[in-house]
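Residue strings, one per chain:
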Amino acid sequence: MFLYPEPLAALVESLRKLPGIGPKTAQRLALYLLHAPAIEAEGIAHSILEAREKIFLCSVCGNFTDVDPCVLCQDVSRDQSLVCVVESPRDIIAFERTRDFRGLYHVLHGVLSPIDGIGPSDLKIAELLQRVQGGSVKEVILALNPNVEGGATSVYLSQLLKPLNLRVTRIAHGLPVGGDLEFADTATLSRSFLGRQEL
Amino acid sequence: MLENLHLRFFRNYESLDWQLGNGFTVLSGPNGAGKSNLLEGIFYLGAGYPYRQAQDEALVHWGADFFVIRGSVLQNGLKYDLEIAYQLGTKRKITKINGKRDLPGACTACLPVVIFSPADLLLIQGAPSLRRRFLDLVVTQSRPQHAADLHDYSNILTQRNNLLRQGVFQRAEILSWDEQLVAVGARIISRRLSVFKTLMDLSRVVFASLSRNGELDGAYISQMIPQYSLEEDEDFCRQAFKDALERRRSLDERLHITTTGPHRDDLRFFLQGHEAQLYCSQGEQRLIALSLKIAQNRLLSSVQSSDALLLLDDVFSELDTVHREKVLKELSRSRQVIATTTSFLEEGDSATGQLTPEITLYQAKGAEWL
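Participant: Before we go on, may I ask you to explain the overall build of chain B in this structure?
Facilitator: Within chain B, the regular secondary structure consists of 11 helices and 15 strands. Its C-alpha atoms give chain B a radius of gyration of 23 Å, within 12% of the compact-globule value 21 Å for 370 residues. For chain B, the spread of C-alpha atoms along the principal axes amounts to about 70 × 55 × 35 Å. Looking at chain B as a whole, 54% of its 370 residues are labelled buried.

Participant: So what exactly am I meant to see when it comes to the interface of chain A and chain B here?
Facilitator: Interface size is often expressed as the accessible area that is lost when the parts come together. The partner chain B presents 18 residues to the 19 residues of chain A that form the contact. Around 1,500 Å² of area is buried between chain A and chain B when both sides are counted, 60% of it from carbon and sulfur atoms. A per-residue breakdown of the area chain A buries against chain B is headed by Pro-114, Ile-115 and Val-148 of chain A, which together make up 36% of the total. Counting across the chain A and chain B interface gives zero salt bridges. Among the secondary structure elements, those contributing two or more residues to the side of chain A that touches chain B are α7 (148-161) and α8 (186-194) of chain A.

Participant: Sorry if this is basic, but what is going on with the domain arrangement of chain A here?
Facilitator: The domain architecture assigned to chain A consists of domain 1 (6-54) and domain 2 (64-198). Put simply, the middle of domain 1 of chain A and the middle of domain 2 of chain A, counted by C-alpha atoms, are 34 Å apart.

Participant: Help me understand the pairing of strand β9 (residues 216-221) of chain B in this model?
Facilitator: Put simply, side chains in a regular strand alternate between the two faces of the sheet. Residues and elements named next belong to chain B. Burial analysis of β9 places five of its six residues in the buried class, the great majority of the element. When β9 meets strand β10 (residues 266-271), the two strands line up antiparallel, connected through six bridges. If you follow Leu-216 over to β10, its bridge partner there is Leu-271.

Participant: Sorry if this is basic, but what is going on with the environment of Asp-75 of chain A here?
Facilitator: Residue and element names in this part refer to chain A. Take Asp-75: it is sitting in the loop between α4 (71-74) and β3 (82-86). When the C-alpha atoms of Asp-75 and Leu-142 are compared, they prove to be 21 Å apart, with 67 residues separating the residues in sequence. Residues in contact with Asp-75, not counting those within four places in the same chain, are Gln-80 and Arg-102.

Participant: Where do I start with the pairing of strand β12 (residues 309-312) of chain B in this structure?
Facilitator: All names here are of chain B. Here β12 shows a buried face lined by Leu-309 and Leu-311 and a second buried face lined by Leu-310 and Leu-312. In this structure, β12 lies alongside strand β13 (residues 336-341), joined through three bridges in parallel fashion. Pairing of Leu-310 across the sheet is with Val-337, part of β13. Traced from β12 through helix α11 (residues 321-331) to β13, the parallel crossover comes out right-handed.

Participant: Which parts of the structure should I look at to understand the nonpolar core?
Facilitator: Within soluble globular proteins, side chains that are nonpolar tend to cluster in buried spots. Residues and elements named next belong to chain B. By size, the foremost hydrophobic cluster in this structure holds 86 residues, and its most contacted members are Phe-269 and Leu-312. Considering each element in turn, this core owes the most residues, 17 residues, to helix α6 (residues 171-210). Those residues in contact with Phe-269, other than ones at most four positions away along the chain, are Leu-123, Ile-124, Arg-131, Phe-196, Met-200, Asp-217, Gly-218, His-274, Glu-275, Ala-276, Ile-288 and Leu-292. Membership of the second largest hydrophobic core comes to 41 residues, among which are Phe-9, Leu-59, Leu-311 and Ile-359.

Participant: For this particular structure, what's the right way to read the layout of surface pockets?
Facilitator: Vacant regions in the atomic arrangement are exposed by a probe of water-molecule size rolled over the atoms. In this model, the largest pocket occupies a volume close to 1,300 Å³. As for the largest pocket, its lining consists of 38 residues, and the residues nearest its centre are Phe-43, Tyr-49, Arg-133, Leu-137 and Gln-141 of chain B. Going through the elements one at a time, α1 (35-47), β8 (113-116), α3 (122-125), α4 (128-142), α5 (145-166) and α10 (282-304) of chain B are the ones with two or more residues in the lining of the largest pocket. It is α4 of chain B that contributes the most residues to the lining of the largest pocket, seven residues altogether. The class makeup of the residues in the lining of the largest pocket is 23 nonpolar, nine polar and six charged. The calculated volume of the second largest pocket comes to roughly 910 Å³. Taken together, 31 residues form the lining of the second largest pocket, with Arg-170, His-173 and Arg-191 of chain A together with Gln-180 and Ala-183 of chain B sitting closest to its centre. Secondary structure elements with two or more residues in the lining of the second largest pocket: α7, β6 (167-170) and α8 of chain A together with α5, α6 and α7 (234-247) of chain B. Here the lining of the second largest pocket is built from residues that sort into 11 nonpolar, 12 polar and eight charged.

Parameters at a glance
Residues numbered from 1 in each chain as written. Chains lettered and ligands numbered in written order. Predicted model: local features only at pLDDT ≥ 70, side-chain atom pairs only at ≥ 80, totals over all residues. Heavy atoms only, no water. Helix = DSSP H or I, 4+ residues; strand = E, 2+ residues; numbered from the N terminus. Rg over C-alpha atoms; globule rule 2.2 N^0.38 Å. Buried < 20%, exposed > 50% of the residue type's maximum accessible area, 1.4 Å probe, protein only. Contact = heavy atoms within 4.5 Å. Buried area = accessible area lost by both parts, 1.4 Å probe. Salt bridge = Lys/Arg side-chain N within 4 Å of Asp/Glu carboxyl O. Domains from an automatic or database assignment. Pairing = 2+ DSSP bridges. Right-handed = clockwise from strand over helix to strand, strands pointing away. Core = buried A, V, L, I, M, F, W, Y, C linked by side-chain atoms within 4.5 Å. 1 Å grid on protein atoms, 1.4 Å probe; cavity = no way out; pocket = protein on both sides within 12 Å on 5 of 7 lines; lining within 4 Å. Points joined across faces, edges and corners; volume = space filled by probe spheres on them. Nonpolar A, V, L, I, M, F, W, Y, C, P; charged D, E, K, R; others polar.

Rendered as structure tokens:
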């Protein structure tokens, strides 16, 4: 059965490797790239190459950056004594949207998961320990996803950080703001009882 | 209670309409007449999943490409129309309550149901995992959060066992999984203990009226504490589990598995102080299993504050006449019971109808038969 000429087949296969892209979307994107003016396709190819070339991980926090240290780490108006530990650069973007957190970040690039063969040495944990030993950091906020792996990673980090005379905190678990109790799932609701606060 | 049942292309039924009465209904007929299939259909409608872990495909009538189970339920004065339909081609299952689509399993709230079958003898004779599954089901019926915790627990356990299998890790790493395991595990154990206590209290009363001799007792067995002295307090469970993990750490590391925790716990039943699995006859074991199921039914009824339907598949086999009468008498207290039998009814019992050419119906209210 003939489907695509070989270069097109190669393009479809490459696009399929992208997250969230299935065979049909890959085909649609590939055909679009062939239909579009040559300059557009070249522009996309160029952006990919340029991004790969110029973007690297910040030597301080591990976020993606084109300058080292990254703009967040260089920003002196930020509270240098607060470090928020996150799983991936995506989480930084989410926190930055709030514009409320004015401290620094540290990206682990994953969480502990023995099933996937991810141990402490596969994460940026050594970098974090080195960073907080400088003395300027007073508090580490663990902002990992509230699932089994995130929880275990938080516990692991707290065991390593507490002996260093730091305040170690975890972001709250519970009900979403502006949400309706009625629509919350049972796990979240019972968790919110555990994390209740005195008024 | 279930008022009427409609089966279409379900198992051996091409089409069946049945108006049910309350009280005690007995379906009598030869082997292969479709008595159990009928209970299976009712159970499926109430529970949302097939009994005996049957595949949906296997439930479709030969030659048909779908099945429908429909029923009207009267519960606390309100009427609900329940429907479960399955299509063979698309493998789609649709649950409807009062004509509106709903989640599978949503029917349980309208039609709580408990089934007893000959296979439940395994509750006494079978592997510990069957007893844990039974208890966890009973716990989940009264504390829904239990299901989520069991799911989390199994995820954490898999991660911890994977780490143990790798063989090389830091102490802090295993401790971080332990802490999660203990937090969720303690909730599971504490809920199990509290529900098991209630279940045993009910079972003991039921068993006393079913059997001529003996007092039923049950214990929750955990390797965490050798004596039967677990307390249902969550903090106590947390500490006990934590200590046990610590104690068995080197063993766990050697065997590359987690050797203690709620996933290794068991239930044990005793008749007159003797362990049922070892010393009881088949008939006595059956009565114990039946008592547990009737207790589950009563517990479910009180949780749902309406009477749960009790289905009894082939309940009278292996029981002598005296015990049959006792079982009948005990069950006549329930609002609605449906039982199947091949042999039970004798001359003089008057049939109240013919459901299919092969299945005869007998109906009793209260202690009519006794």
